[in-house]
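# Residue-level structure breakdown
Each chain, letter by letter, is given below.
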Amino acid sequence: VYIELIRGVPLISLLFMSSVVFPLFLPEGVSLNAILRAQVAIILFTAAYIAEVVRGGLQGMSKGQYEAAEAIGLNYVHTMRLIILPQALKIVIPPSVSILISAFKDTSLVVIIALYDLLKTTQSILGDPRWMGFSAEAYLFVAMIYFICCFYMSNFSRKLERELDTGL
């Protein structure tokens, strides 16, 4: 229910709920930092997608793996820990990294709930008359920061895949 509920709602809606609706349910005098509320919303959103990817990896395992583990006398916990999860997690590295890169880029949505991020900071700096003529350069710099971060995340993913490659 959690996964289907979270995946059926856009991240912007969760951010609005964490910013506006959630504080209404807190006891009087208790308040949580807006950044913490936004972080929790992004984490819950990303966790639902990662859980679905891992579930897909587990379902992608052949029945023969389970049967082989049963044949050598492993119980469920040992089967999952020693046989199924190492193979399934190796399979889900590319989609997991893709989701994490997407989550990294989605952090710029916190601007909508009046939190500052890299993009909002750039916009506020460009409001200064001394920097007004540099808007193209500023946005190119921000784009370069996002690109470099995403590039290194995807390269790390490929490196991890090569290290875990069993040749099958």
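Up top is the structure.
Overview of the structure. The shown structure was predicted, so the numbers you read here are calculated from the model rather than taken from an experiment. (Residues numbered from 1 in each chain as written. Predicted model: local features only at pLDDT ≥ 70, side-chain atom pairs only at ≥ 80, totals over all residues. Heavy atoms only, no water.)

### Observations concerning the overall build of the protein chain
Looking only at helices and strands, the protein chain features eight helices and zero strands. Along the protein chain, helices (α) and strands (β) appear in the sequence α-α-α-α-α-α-α-α when read from the amino end. On C-alpha atoms alone, the protein chain measures out to a radius of gyration of 21 Å, which is more than a quarter above the 15 Å that the 2.2 N^0.38 rule sets for 168 residues. Burial analysis of the protein chain (168 residues in total) assigns 25% to the buried set. Pairs at least 24 residues apart make up 67% of the contacts formed inside the protein chain by residues separated by at least 6 positions. Roughly 11300 Å² of accessible area belongs to the protein chain as shown, and the carbon and sulfur atoms make up 69% of that amount. Taking the 12 positively charged and 12 negatively charged side chains of the protein chain as two groups, their mean positions are separated by 3 Å. (Helix = DSSP H or I, 4+ residues; strand = E, 2+ residues; numbered from the N terminus. Rg over C-alpha atoms; globule rule 2.2 N^0.38 Å. Buried < 20%, exposed > 50% of the residue type's maximum accessible area, 1.4 Å probe, protein only. Contact = heavy atoms within 4.5 Å. Areas by Shrake-Rupley, 256 points an atom, 1.4 Å probe, with all protein chains shown as cover. Lys, Arg positive; Asp, Glu negative; His and termini not counted. Charge placed at Lys NZ, Arg CZ, Asp CG, Glu CD.)

### Thoughts on the pattern of salt bridges
If you walk through the whole model with that rule in mind, you get four salt bridges. Note that E52 is salt-bridged to R7, the shortest N-O span being 3.7 Å. Here E52, found in helix α3 (residues 34-59), pairs with R7, found in helix α1 (residues 2-7); they are 45 residues apart in sequence, far enough to count as distant. Owing to a relative accessible area of 16%, E52 belongs among the buried residues under this scheme. What makes R7 partly exposed here is its relative accessible area of 33%. (Salt bridge = Lys/Arg side-chain N within 4 Å of Asp/Glu carboxyl O.)

### Looking at the nonpolar core
Burial of nonpolar side chains together is a common tendency in soluble globular proteins. Counting 12 residues, the largest nonpolar core is built from I6, L11, L14, L15, A38, A41, I42, F45, A48, V110, I113 and L115. Only α2 (11-21) and α3 provide two or more residues apiece to this core. Membership of the second largest hydrophobic core comes to six residues, among which are A69, M80, I83 and A88. (Core = buried A, V, L, I, M, F, W, Y, C linked by side-chain atoms within 4.5 Å.)

### Observations concerning the environment of L32
Within the element layout of this structure, L32 appears in the loop between α2 and α3. Owing to a relative accessible area of 33%, L32 belongs among the partly exposed residues under this scheme. Residues L32 and L5 lie 27 residues apart in sequence; the distance between their C-alpha atoms is 24 Å. Those residues within four positions of L32 in sequence are excluded, and the remaining contacts are F22, L26 and R37.

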